[in-house]
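# A closer look at the structure
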Amino acid sequence: GQNIDQPTEMTATEGAIVQINCTYQTSGFNGLFWYQQHAGEAPTFLSYNVLDGLEEKGRFSSFLSRSKGYSYLLLKELQMKDSASYLCAVSPGGLNSGYALNFGKGTSLLVTP
Amino acid sequence: EAGVAQSPRYKIIEKRQSVAFWCNPISGHATLYWYQQILGQGPKLLIQFQNNGVVDDSQLPKDRFSAERLKGVDSTLKIQPAKLEDSAVYLCASSFPPRGKSYNEQFFGPGTRLTVL
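All figures in this text were calculated on a predicted structure; none of them were measured in a lab. (Residues numbered from 1 in each chain as written. Chains lettered and ligands numbered in written order. Predicted model: local features only at pLDDT ≥ 70, side-chain atom pairs only at ≥ 80, totals over all residues. Heavy atoms only, no water.)

This part is about the nonpolar core. Phe21(B), Trp34(B), Leu77(B), Ile79(B), Tyr90(B) and Leu114(B) are the most contacted members of the largest nonpolar core, which has 21 residues in total. For this core, the secondary-structure elements that each account for two or more residues are strand E3 (19-24), strand E4 (31-37), strand E5 (44-50), strand E8 (75-79), strand E9 (88-95) and strand E11 (112-116) of chain B. In this structure, Val18(A), Cys22(A), Leu78(A) and Tyr86(A) belong to the second largest nonpolar core, which totals 20 residues. (Core = buried A, V, L, I, M, F, W, Y, C linked by side-chain atoms within 4.5 Å. Buried < 20%, exposed > 50% of the residue type's maximum accessible area, 1.4 Å probe, protein only. Helix = DSSP H or I, 4+ residues; strand = E, 2+ residues; numbered from the N terminus.)

What we call a disulfide is simply a covalent bond connecting the sulfur atoms of a pair of cysteines. A complete count under the given rule lists 2 disulfides over all chains for this structure. The partner cysteine of Cys22(A) in its disulfide is Cys88(A), sulfur to sulfur 2.0 Å. What sets the handedness of the Cys22(A) and Cys88(A) disulfide is the S-S torsion sign, and at about -70° it is left-handed. Here Cys22(A), found in strand E3 (residues 18-26), pairs with Cys88(A), found in strand E9 (residues 84-90); they are 66 residues apart in sequence, far enough to count as distant. By relative accessible area, which is 0% here, Cys88(A) ends up buried. The partner cysteine of Cys23(B) in its disulfide is Cys92(B), sulfur to sulfur 1.9 Å. Judged by the sign of its S-S torsion, about -70°, the cystine formed by Cys23(B) and Cys92(B) is left-handed. A residue pair is termed long-range when its members are at least 10 positions apart, and Cys23(B) in strand E3 and Cys92(B) in strand E9 qualify at 69 residues. Both residues of the pair, Cys23(B) and Cys92(B), count as buried. (Disulfide = S-S within 2.5 Å.)

This paragraph deals with the pattern of salt bridges. This structure, assessed with the given rule, holds 5 salt bridges over all chains. In this structure, Arg66(A) and Asp52(A) form a salt bridge, with 3.1 Å as the shortest nitrogen-oxygen distance. With Arg66(A) in the loop between strand E7 (60-65) and strand E8 (70-75) and Asp52(A) in the loop between strand E5 (44-49) and strand E6 (53-57), this pair connects stretches of sequence that are 14 residues apart. Arg64(B) is paired through a salt bridge with Asp86(B); the nearest N and O atoms lie 2.5 Å apart. Taken together, the positions of Arg64(B) in the loop between strand E6 (53-56) and strand E7 (65-68) and Asp86(B) in the loop between E8 and E9 put the pair 22 residues apart, joining distant regions of the chain. Classification of Asp86(B) by relative accessible area gives buried; the value is 3%. (Salt bridge = Lys/Arg side-chain N within 4 Å of Asp/Glu carboxyl O.)

Centre-to-centre distance and the angle between the planes together describe a pair of aromatic rings. In the structure shown here, the tally under the stated rule is 16 aromatic pairs over all chains. Between Phe65(B) and Tyr90(B), the ring centres sit 6.4 Å apart and the planes meet at 40°, which makes this aromatic pair tilted. On the criterion of sequence distance, the pair formed by Phe65(B) in strand E7 and Tyr90(B) in strand E9 is long-range, its members being 25 residues apart. Exposure class is identical for Phe65(B) and Tyr90(B). Each is buried. Site record: aromatic cluster; members linked through ring pairs are Phe33(A), Tyr35(A), Phe45(A), Tyr48(A), Phe103(A), Tyr33(B), Tyr35(B) and Phe108(B). (Phe/Tyr/Trp six-rings, centres within 6.5 Å; stacked < 30°, edge-to-face > 60°.)

Let us look at the sheet that holds E6(A). All names here are of chain A. Spatially, the 5 strands line up as an open sheet ordered E1-E3-E8-E7-E6, and their pairing is antiparallel. On the outer flanks of this sheet lie strand E1 (2-5) and E6, each paired with one strand and no other. Between one strand axis and the next, the sheet turns by 15° as a mean value, whatever way the strands run. Pairing analysis gives 5 bridges linking E6 to E7, with the strands arranged antiparallel. Residue pairing for E7: Glu 56 is matched across the bridge by Ser 61. (Pairing = 2+ DSSP bridges. Axes fitted to C-alpha atoms, helices over the stretch in contact; angles between N-to-C directions.)

What follows covers the sheet that holds E7(B). Residues and elements named next belong to chain B. Spatially, the 4 strands line up as an open sheet ordered E1-E3-E8-E7, and their pairing is antiparallel. Strands with a single pairing partner mark the edges of an open sheet, and in this sheet they are strand E1 (5-7) and E7. If you compare each strand with its neighbour and ignore which way they point, the axes differ by 15° on average. For E1 and E3, the ladder comprises 3 bridges, and the chain directions are antiparallel. Within E3, the residue paired with Ser 7 across the bridge is Trp 22.

The values are spatial; any link to function lies outside them.
Below you can see the structure in the form of structure tokens.
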């Protein structure tokens, strides 16, 4: 089975840095994804990690530790538009599972002036 | 490149009624997913198609939910009869086997928000 945990809500100030944590327990692992979802909109892809370490993409970075079942999403230089829900998702298997994703409940981030 | 299209965007029905949602994936995407997202939760996979075949429908409540992708392109998801707990956003996503990437990115449509009264 799959168990993916992330904080429900976080608040941060514009211009600051925020780290959103995700822990997971899975029966299989083919990578961890982070998606951003603004209210009333579709999730959009942010990052993917399958090997341990840090992946950096502009203001966003994502880290993975497979041995600890742990990932985080780091957002730097926060902007008001970063207020959204951030979804941690695990792909449990490869081709035979069709790359389906198991999502956590999401972390609602509020960026304040 | 056009994104994943879904219709309708909103639907309000009474319990025990029937409802159908439509999805047209990105052109060329062989894999199509239907997710259910209840308010305050992450999306939950209902069914996954590879072309016109079902890969995974283990979480689909088959007594009331059905889905098809007859020609391997667009897809419909039906609920009959609807229950109050079916109120949710139904998201459709599509993907293509990774080309030049080590991962399979899913592209989501805007979703259909269903309210069951």
